[in-house]
Protein chains: 2
Amino acid sequence: MSEPLDNTFAALSDPTRRAILAMLLEDDMAVTDVAEPFEMSLAAISKHLTILTRAGLISQEKRGRVKWCKLEPDALKAASTWMQSFGQFEPVNLDAFEAFLNAEFGREAP
Amino acid sequence: MSEPLDNTFAALSDPTRRAILAMLLEDDMAVTDVAEPFEMSLAAISKHLTILTRAGLISQEKRGRVKWCKLEPDALKAASTWMQSFGQFEPVNLDAFEAFLNAEFGREAP
DNA sequence: TTTTTCGTCAACCGTTTGGTTAAGTGTTGT
DNA sequence: ACAACACTTAACCAAACGGTTGACGAAAAA
């Protein structure tokens, strides 16, 4: 019923999930460590991670009792392609991203 | 409460709204004409257009009794920047977009 | 072995979403 | 003046969302 692109964009529409993705950009993390900086329950974060997994934006691998979360950048390609088509086909540079990340973290990450 | 990026991604998460954007890529359109190809009420399309407007993805200008809808590609820039950062910074080309649009229309557009 | 840690699941709750139909507001054409 | 057209709004509905708490299973540590 719902297309991959639906799930990708829906997953990205939540600031908590975007913050999680930004965290995972730095390193793979365990669920508990992902949850630590947020002011919400572990169960809530677990749900967010399920949504991100369903959207293909991350993968989760269980080793022992710890479940490791890993960014999967490829899932963003289709969505990115769709968006760029409306965005005048400008190439993106890292500086713009860094500035954006700072802004995002300044407001959203605890 | 909700950030611009939230609204942008949420607006893009619905296939009807993405199809509307693709239609508007070709030309400005009146609300009734936007609604024509879809199997849902005019009121429903009107709501979708409100959501797209709130997200800044389109603008609506009333001339007489007709309300014209116009694509606003700039609103996608911030979101696009965010996404590209996770997508290995690959430049996007038009061929990929065309292929994607065809696939999208084949499945989603009535 | 017992206890703590890691994480999910189930049930619940209030809000939002995506759709419907019906009524209402302007604008245009006859 | 009146009818048709172009939309929007209101009220309603079922389903999904985003969060909670509490119970639970599996793995690790004591």
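Details of the structure are given in the entry above.
These remarks concern the structure in this document.

Here is what the cut-offs are and how they apply
- Residues numbered from 1 in each chain as written.
- Chains lettered and ligands numbered in written order.
- Predicted model: local features only at pLDDT ≥ 70, side-chain atom pairs only at ≥ 80, totals over all residues.
- Heavy atoms only, no water.
- Near = heavy atom within 4 Å.
- Polar contact = N/O pair within 3.5 Å; in protein donor to acceptor, adjacent residues only side chain to side chain.
- Helix = DSSP H or I, 4+ residues; strand = E, 2+ residues; numbered from the N terminus.
- Nonpolar A, V, L, I, M, F, W, Y, C, P; charged D, E, K, R; others polar.
- Salt bridge = Lys/Arg side-chain N within 4 Å of Asp/Glu carboxyl O.
- Buried < 20%, exposed > 50% of the residue type's maximum accessible area, 1.4 Å probe, protein only.

On to the protein's contact with DNA strand D. Around DNA strand D, 21 residues are found, and the nearest of them are Lys47 and His48 of chain A together with Thr32, Ser46 and Lys67 of chain B. For DNA strand D, the fraction of protein-proximal atoms (within 4 Å) that sit in sugar or phosphate groups is 69%. The backbone of Val31 of chain B places a nitrogen or oxygen atom 3.5 Å from a phosphate oxygen of DNA strand D. Note that a phosphate oxygen of DNA strand D is positioned 2.5 Å from one of the backbone N or O atoms of Lys67 of chain B. When contributions to the surface near DNA strand D are tallied by element, the ones reaching two or more residues are α4 (42–54) of chain A together with α3 (31–35), α4 (42–54) and β3 (66–71) of chain B. Top element by residues in the surface near DNA strand D is α4 of chain A. It accounts for 5 residues. Looking at the surface near DNA strand D residue by residue, the class counts come to 9 nonpolar, 5 polar and 7 charged.

Now for the protein's contact with DNA strand C. Close to DNA strand C lie 22 residues; Thr32, Ser46 and Arg65 of chain A together with Lys47 and His48 of chain B are nearest. In DNA strand C, atoms within 4 Å of the protein come from the sugar-phosphate backbone in 67% of cases. One of the side-chain N or O atoms of Ser46 of chain A is found 2.4 Å from a phosphate oxygen in DNA strand C. The greatest single-element share of the surface near DNA strand C, amounting to 5 residues, is contributed by α4 of chain B. Looking at the surface near DNA strand C residue by residue, the class counts come to 9 nonpolar, 6 polar and 7 charged.

Quick look at the pattern of salt bridges now. Side chains that carry opposite charge are capable of pairing whenever their charged atoms lie near each other. All chains considered together, the criterion is met by 5 salt bridges over all chains. For Lys70 of chain A, the salt bridge identified is with Glu72 of chain A, shortest N-O distance 3.9 Å. Its relative accessible area of 40% is what places Lys70 of chain A among the partly exposed residues. Taking relative accessible area as the criterion, Glu72 of chain A reaches 27% and is therefore assigned partly exposed. For the salt bridge of Arg63 of chain B with Glu61 of chain B, the shortest nitrogen-to-oxygen distance reads 3.1 Å. The class for Glu61 of chain B is partly exposed, based on a relative accessible area of 46%.

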